[in-house]
Amino acid sequence: MRNVQQLIGLPVFLANGKKAGRVRDVGFDEFWQISCIVLDSQVWFRRAVRIVRWPDVTKCGSDAVIIRDRQAIITIRANELLRSFHTGVVQLKELPVFTEDGQELGRVSDVYFPKTEGTQIIGYELTDGFLADVFEGRRKLLLPEGPEGVTLGEDAILVPASCERILERDP
């Protein structure tokens with residue numbers, strides 16, 4: 001299992017070994033699957049970002065990301081990056097997570113996805129704030145049935161009430 005925070009900051013290389021930048025953010029599609037990585041490389045106009053679509057990522061290792069070639073890097077307007085971890089129009093980081101019964105479980109501090117099986121979000125790391133993280137640790141909410149029953153909205157994530165029982169606390 002990997003998390004998005006492990007990807008952010010990794011160097012991005014072309015298949016020929018030339019550095020293309022670093023991962024600044026991760027973009028998601030309407031089904032909240034990873035759709036692209038956002039590079040930190042500068043664009044002349046601040047209202048634009050450079051992305052690499054996920055199919056153009058050939059390898060995603062623990063120390064670097066390898067992309068197909070220079071043509072895989074696309075420049076888009078910043079407002080076209082609709083869903084991302086922390087820079088898009090809808091940001092997953094700090095999104096509150098509620099059960100369908102209306103109980104708040106925490107706010108998203110990271111998301112998990114499988115290393116090899118795809119890009120679907122399979123869990124969340126939740127925070128209750130800095131002091132709670134220090135004294136109690138963060139909590140993991142791994143989704144045993146996958147994304148079924150989870151509503152990923154613009155303002156909150158709704159999970160089945162049974163998810164409250166499967167929260168794991170990190171030391």
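Calculation rules
- Residues numbered from 1 in each chain as written.
- Predicted model: local features only at pLDDT ≥ 70, side-chain atom pairs only at ≥ 80, totals over all residues.
- Heavy atoms only, no water.
- Helix = DSSP H or I, 4+ residues; strand = E, 2+ residues; numbered from the N terminus.
- Buried < 20%, exposed > 50% of the residue type's maximum accessible area, 1.4 Å probe, protein only.
- Contact = heavy atoms within 4.5 Å.
- Areas by Shrake-Rupley, 256 points an atom, 1.4 Å probe, with all protein chains shown as cover.
- Patch = residues over 30% accessible without salt bridge, like charges linked within 9 Å, V, L, I, M, F, W, Y side chains within 5 Å.
- Salt bridge = Lys/Arg side-chain N within 4 Å of Asp/Glu carboxyl O.
- Core = buried A, V, L, I, M, F, W, Y, C linked by side-chain atoms within 4.5 Å.
- Domains from an automatic or database assignment.
- Pairing = 2+ DSSP bridges.

- Labelled according to an unreviewed UniProt entry, the chain appears under the name PRC-barrel domain-containing protein, originating from Cohnella thailandensis.

What to know about the overall build of the chain
Then comes step 1: Each helix and strand in the chain was counted, giving 2 helices and 17 strands.
Then comes step 2: Put simply, the chain has 171 residues, and 44% of those count as buried.
Then comes step 3: Long-range pairs, those at least 24 residues apart, make up 49% of the contacts in the chain with a sequence separation of at least 6.
Then comes step 4: Accessible surface for the chain amounts to roughly 9500 Å². Of this, 50% is attributable to carbon and sulfur atoms.

Considerations on a nonpolar patch on the surface
Then comes step 1: Residues Phe130, Leu131, Val134 and Phe135 make up a contiguous nonpolar surface patch of about 520 Å² in total accessible area.
Then comes step 2: For phenylalanine 135, a relative accessible area of 68% gives the class exposed.

Re the pattern of salt bridges
Then comes step 1: Scanning all chains against the criterion turns up 5 salt bridges.
Then comes step 2: Note that arginine 77 is salt-bridged to glutamate 80, the shortest N-O span being 3.6 Å.
Then comes step 3: You can call glutamate 80 partly exposed: its relative accessible area is 39%.
Then comes step 4: Aspartate 128 is paired through a salt bridge with arginine 139; the nearest N and O atoms lie 3.0 Å apart. Of the two residues, aspartate 128 is situated in the loop between strand 13 (123–127) and helix 2 (130–136) and arginine 139 in strand 14 (residues 139–142); the sequence distance between them amounts to 11 residues.

Re the nonpolar core
Then comes step 1: Counting residues in hydrophobic clusters, the biggest one holds 38 residues, and the most contacted among them are Phe28, Leu92 and Tyr124.
Then comes step 2: Listing elements by their share of this core, those giving two or more residues are helix 1 (4–7), strand 2 (11–14), strand 3 (19–28), strand 4 (34–39), strand 7 (65–67), strand 12 (104–113), strand 13 and strand 16 (157–159).
Then comes step 3: Both of domain 1 (2–90) and domain 2 (92–169) provide at least three residues apiece to this core.
Then comes step 4: The contact partners of tyrosine 124, leaving out residues within four places of it in the chain, are Val108, Asp110, Val111, Tyr112, Arg139, Lys140, Leu141, Leu143, Val150, Leu152 and Ile157.

Considering the pairing of strand 3
Then comes step 1: Counting buried positions over the 10 residues of strand 3 gives 7, a clear majority of the element.
Then comes step 2: Note: strand 2 against strand 3, 3 bridges, orientation antiparallel. Bridge pairing in strand 3 links valine 12 to glycine 21.
Then comes step 3: Counting the residues in the hairpin turn of strand 2 and strand 3 gives 4 residues, including glycine 17, whose phi is positive at 95°.
Then comes step 4: With antiparallel pairing between neighbouring strands as the criterion, strand 3 and strand 4 make up a hairpin whose turn holds 5 residues, including tryptophan 32 at a positive phi of roughly 60°.
Then comes step 5: The pairing of strand 3 with strand 9 (residues 83–84) spans 2 bridges and is antiparallel. By the bridge assignment, glycine 27 is partnered in strand 9 with serine 84.

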